[in-house]
Structures are given as C-alpha cells and as structure tokens.
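# Coordinates in review
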Amino acid sequence: MFRSIFLSTIFMMVVISCDNSKKASVDTGNQAVEIKETYWKLTELRGVAVPTLKEGEKEVYFRLRNEGSKVEGNGGCNGFGGTYEMSEGNRIRFSKMISTMMYCSLMETENALYKVFEATDNYAVSGDVLQLNKARMAPLAKFVAVKDK
C-alpha cells in the first residue's frame, strides 16, 4: 500500500514538473524576465541601431500575450497584431499579422519590422535583450525588455 502511494506521488510530481506552458524567460541577473507579457522595445533592425525618437514619434515595440498566443505592438506609426507559436529549441513563428494603415515618417522602419516578423523562425535571449533570427544568420532584430510598461 505504502509503495503504491509513494509511486503515485512521484508520478504526480513528474507530471506537474512537465508543464507544457513553456515559460521562456530571460535572466537579467537578479530577476528573470518572462519573454511573454514583456514590453520589448526595438533597439536594432537588420544590424542598424534604431535612431532616437523625435517629438511626436511612437516607440517601436511588441508584446507576446499568453492569452490566445497573440502578439501586439506598434511599428512606430501603426498598431499591429497577430498570433505566434513557440516550440522547443527557441523556435517561434508569427502569423496572421495585421496592422492599421496610417502613413508617417517611420514607414521604412515599420515595413522592415513587418518583414522581420514574416522571416523569423527562432529567437535568442541574453540578459534583457531578445533577438529575432532566421536560421543561423545574423539577428534580424534586437529588442530590450522595458520594465513598467
């Protein structure tokens, strides 16, 4: 009797520890930052640093939502959204991406960002920096985690 209770307990502990929610996180020293539900501000696009914002320009960012595997953000001019799918090996795919259709001075950056989302198939994290990549090529885009947003 004791043996079956013991084995059942061990089995339940294994099942609970194998949670498939895949809480990917970024280690920033003292605290881990979750990849999901984090405000990721664009810092570099295709190897070029993002210029400092001018008066009235919006910050380029995105956020991976837990609920419904939705991605949302702003490309600097237009809001955008879609879905994402994560899998083992830091694999990620974005799909069903849509955006508003306003025109502004940041259209070149915004259009390049949308192409990055289309091409991305994996990500890498280091500290509070998230990179979106395609295969083993140079990073397509780099983002930094912003707290309190």
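Residues numbered from 1 in each chain as written. Predicted model: local features only at pLDDT ≥ 70, side-chain atom pairs only at ≥ 80, totals over all residues. Heavy atoms only, no water.

What follows deals with the overall build of the protein chain. Regarding its fold elements, the protein chain presents 2 helices and 11 strands. Split into buried and exposed, the 149 residues of the protein chain put 34% on the buried side. Considering only intrachain contacts with a sequence separation of at least 6, the fraction spanning at least 24 residues in the protein chain is 45%. Total accessible area on the protein chain is roughly 9,800 Å²; 55% of this is exposed by carbon and sulfur atoms. (Helix = DSSP H or I, 4+ residues; strand = E, 2+ residues; numbered from the N terminus. Buried < 20%, exposed > 50% of the residue type's maximum accessible area, 1.4 Å probe, protein only. Contact = heavy atoms within 4.5 Å. Areas by Shrake-Rupley, 256 points an atom, 1.4 Å probe, with all protein chains shown as cover.)

Topologically, G76 is positioned in the loop between β6 (70-74) and β7 (79-87). On the accessibility criterion, G76 (6% relative accessible area) is buried. In this structure the C-alpha to C-alpha distance between G76 and L106, which are 30 residues apart in sequence, comes to 6.1 Å. Discounting residues that sit within four places of it in the chain, G76 has contacts with K58, E59, V60, C104, L106 and E110.

We now examine the packing of aromatic side chains. For the coordinates displayed, the defined rule picks out 7 aromatic pairs. Between F62 and F94, the aromatic rings sit 6.3 Å apart at their centres with planes inclined by 85°, giving edge-to-face as the arrangement. Taken together, the positions of F62 in strand β5 (residues 61-64) and F94 in strand β8 (residues 91-99) put the pair 32 residues apart, joining distant regions of the chain. One exposure class covers both F62 and F94, and it is buried. (Phe/Tyr/Trp six-rings, centres within 6.5 Å; stacked < 30°, edge-to-face > 60°.)

Remember that side chains alternate between the two faces of the sheet whenever the strand is regular. Looking at chain direction, strand β9 (residues 122-126) and strand β10 (residues 129-133) are connected through 5 bridges and run antiparallel. When the bridges of β10 are listed, S126 appears paired with V129. Connecting β9 to the antiparallel partner β10 that follows it, the hairpin turn spans 2 residues, and G127 within it adopts a positive phi of roughly 60°. By the bridge criterion, 4 bridges tie β10 to strand β11 (residues 141-146) in an arrangement that is antiparallel. Looking at the pairing, L132 lines up with A141 of β11. (Pairing = 2+ DSSP bridges.)

What follows deals with the environment of T38. With respect to the helices and strands, the residue T38 is situated in the loop between β2 (32-34) and β3 (39-45). Spatially, the C-alpha atom of T38 lies 6.6 Å from that of A145, the residues being 107 residues apart in sequence.

On to the side chain of T120. Locating T120 in the fold gives a position in the loop between α2 (107-119) and β9. By relative accessible area, which is 0% here, T120 ends up buried. In this structure the side chain of T120 is engaged in a polar contact, spanning 2.7 Å, whose partner is the backbone oxygen of V116. When sequence neighbours within four positions are dropped, the list of residues in contact with T120 reads I92, R93, F94, L132, N133 and L140. (Polar contact = N/O pair within 3.5 Å; in protein donor to acceptor, adjacent residues only side chain to side chain.)

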